[in-house]
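# Report on the structure
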Amino acid sequence: MRITSPHMGILEIPLRAFFRRVNVDFVTPPKNSKRTLSLGVRYAPEFACLPLKITLGNFIEALETGADTIAMAGASGPCRFGLYGIVQAKILEKLGYKFKLILVNQDENTDIKTKIKELAGNASWLKIIPAVFWMYAKLRACEFAEELSFKTRAYELNPGDTTKAFKEALSLIEKAESYSELRETRKKIRALFDSIPKDKNREVLYVGTFGEIYLMLEPFANHFIEEKLGDHGVVVTRAVTLSGWLKELVHLDWFGNFARWRLRRVAKPYLSCEVGGEGIVSVGSAITFARLGYDGVVHISPFTCMPEIVAKSILTKVCKDYDLPLLDLTFDEHTGEAGLITRIEAFVDLLRRRRKYRLKPRNSAYT
Amino acid sequence: MSKIGIPQCLLFYRFFPFWKTFFSELGYEIVLSSQTNKSILELGVKHCVDDACLPVKLGFGHVLDLCENKNVDYLFLPRIISIEKRSYTCPKIMGFPDMIKCNINNLPTSLDITVDMRKPKYSLHSAFFELGKQLGKSSTQVKKAIKQATLAQQAFQSSALQKKNIIFHPHLNFYFEPQKEANKKKKIGVLGHPYLIYDKFVSFRIIDRLVNLGYSVVTPELIPEDQLEESVKDIPHHIFWHEGESILGTAYYLLDTLQVNGLILIISFECGEDALLRELLEHKTQKEGKVAYMSLVVDEHTGEAGVLTRLEAFLDTLNHGKKALFTIEEKQL
């Protein structure tokens, strides 16, 4: 069995770690590229959202490189994501690929335990459970590096240093083979980012990003928005994390549920029910960022995303009430890079001017 | 007598008999927004976020129409999360009341209820019971109203099933128009969300046109619900949108039993559900290739002439070259 799974930001590193522990051959799809996107766009339904198209491209490229099993997450609604797996499988079948689909699902009908066991090549639970913990440890390490990079990039003196350091950090995490090594790696990563020459006196802006999870996490899909913001001296805070999403997907997340419950309570005056996906999280995080005194927020969503359209139409009111600048970015396969850069520059200019003339002091956002 | 305004949008097309009976039993007057027209569409497009789909934009238009022209005391905006265990409505329908409240100022008092059949606390019965209590009616009165309303809804649905006819609803009444048995040419399935296929403005009266040309028409409402679930069984995943399931189920049922000669799928641009369901449906129609199939995508810019041309071409395919052109009178319908 040669298993594959789509790219989603840093997800490939923990996944590789997991499958190496359970001795299953994992095929990492070729890096997201123009080809991935155009393959996806060619075969996916035209109104489908961008994540479906890119992940379909991933599957095609992975099957070309010799994978024979596809692992895909599923859900039971109401976001379209839940049906990605079967729609993509139908398309791939039509294209003539031979493969097996393993749908890891939250649905109450399917037994998640058997699915995970199937995914791990019927290894014993004694092997799977430590592997899952190991995967999680790696994931946290990656997120740690990511957060550091968001904070460092705004201060860096030589543009590009942080990106280089982040890549190195990821390869260090990839190499770590035990928990103690991983702890060492964390220290090394911190030192790595500390050694980057910084302008400590630079006045940076604090911007929160939230929106649809795939576009938040996959830099290829959002045109490296965090880097672009960072280059303009902006410290970015992400409202959603991969670890939180994964834990929620397999119903393991008590603390995450609590966080979601808190966001729901915050968002209640504006949006009083879950609308699937990250809809309520978006509204809740906008309010939370406003209360923390952030300079502005960026809302990222794919074109035709159902929950985010609801969130978007509510965010205008939220941001008016809280006097919070909002940059609404909708991505599809045609998004031009230059237009995006112009919009980001204009947004950052606006934030700087507001900062200059704003009377009320900023709460501490850097925690 | 207080007036309750109900916008003719979204799930109105499914639950109106219930709502109507409930409120009239409690002694309220019901005021509907005008039938969809150009000015409603323009109002909706102006006030709604541009990314939203046509039905949601029209919903905004209908609510604004009620606020501006109809002078109502209350606005009925139910938040319908799920109308069946294990399934949802669409996210935009779930968030619709909140979208309205955040984008339209000076709304009349809105009657808020949350219907979520997944949770017993928010079942249809308890939601409307709460609503009745909010309006200051006694328990017995409210219970009686709910009972009557449920009966009315059931009667509506079962008469659609028994009579095997299409549902029309001019203004206040739903009624079933008996189809002419004599000159039945061919059977065509018209699929889509109720708020698309029964809205005469949006669908360009496709059903009326087909019936006038002598075709008999099947819509998702005319297929018993257990049949629908049966026919989507071979899809390895539960279709978790109630309406999506009924559209896909109808299509699969009609294709499997070969009851129809043609299928027309009407979807609105940017409809999230239909984007994926259309792929599944097309996969099946292409695989079997026995039934002519056409999908029509409508949005706020759709021109009537284009739709008519496509419909004509589709009917030509169906009749294998036999002329099916509209007469001049039918074009002016």
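Our structure's up above, just so we're on the same page.
Keep in mind that what you see is a predicted model, and the values were worked out from it rather than measured.

## A few points about the packing of helix 4 (residues 84–94) of chain A against helix 11 (residues 272–288) of chain B
Between helix 4 of chain A and helix 11 of chain B, the least distance of the axes is 10 Å, while the angle of their chain directions is 35 degrees. Helix-helix and strand crossings are classified by hand; for helix 4 of chain A and helix 11 of chain B the assignment is left-handed. Counted together, Ile-86, Val-87, Lys-90, Ile-91 and Lys-94 of chain A of helix 4 of chain A and Leu-276, Glu-279, Leu-280, His-283 and Gln-286 of chain B of helix 11 of chain B form the full contact between these two elements. For the contact of helix 4 of chain A with helix 11 of chain B, the per-class residue count stands at 5 nonpolar, 2 polar and 3 charged.

## Topic: the packing of aromatic side chains
Taken as a whole, this structure holds 21 aromatic pairs over all chains when the rule is applied. Centre to centre, the rings of Phe-18 of chain A and Phe-19 of chain A are 5.1 Å apart; their planes meet at 75 degrees, and the pair counts as edge-to-face. Neither residue differs from the other here; Phe-18 of chain A and Phe-19 of chain A are each classed as buried. Aromatic side chains Phe-22 of chain B and Phe-23 of chain B sit 5.3 Å apart centroid to centroid with 75 degrees between the ring planes, which places their arrangement in the edge-to-face category. Accessibility expressed as a relative area gives 0% for Phe-22 of chain B, which makes it buried. Overall, Phe-23 of chain B belongs to the buried group, its relative accessible area being 0%. These aromatic residues form a ring-pair network of at least three members: Phe-15, Phe-18, Trp-19, Phe-22, Phe-23, Phe-76 and Phe-128 of chain B. Stacked on the ring of Trp-134 of chain A, the Lys or Arg Arg-21 of chain A has its end atom at 4.5 Å from the ring centre. Its guanidinium or amino end placed over the ring of Tyr-252 of chain B, Lys-284 of chain B lies 4.6 Å from that ring's centre, counting from NZ or CZ.

## Things to note about helix 12 (residues 304–318) of chain B
Residue and element names in this part refer to chain B. The end-to-end C-alpha distance of helix 12, which contains 15 residues, comes to 21 Å, matching closely the 21 Å that a straight helix rising 1.5 Å per residue would cover. For helix 12, the complete set of buried residues consists of Val-307, Leu-308, Leu-311, Glu-312, Phe-314, Leu-315 and Leu-318. Taken end-on, helix 12 shows its buried residues confined to a sector of 165 degrees, consistent with a single buried face. Backbone geometry just downstream of helix 12 places His-320 in the positive-phi region, at approximately 50 degrees.

About the thresholds
Residues numbered from 1 in each chain as written. Chains lettered and ligands numbered in written order. Predicted model: local features only at pLDDT ≥ 70, side-chain atom pairs only at ≥ 80, totals over all residues. Heavy atoms only, no water. Axes fitted to C-alpha atoms, helices over the stretch in contact; angles between N-to-C directions. Helix = DSSP H or I, 4+ residues; strand = E, 2+ residues; numbered from the N terminus. Left-handed = near helix turned anticlockwise from the far one by under 90°. Contact = heavy atoms within 4.5 Å. Nonpolar A, V, L, I, M, F, W, Y, C, P; charged D, E, K, R; others polar. Phe/Tyr/Trp six-rings, centres within 6.5 Å; stacked < 30°, edge-to-face > 60°. Buried < 20%, exposed > 50% of the residue type's maximum accessible area, 1.4 Å probe, protein only. Lys NZ or Arg CZ within 6 Å of the ring centre and 35° of its normal. Expected span 1.5 Å × (residues − 1). Arc of directions from axis to C-beta.

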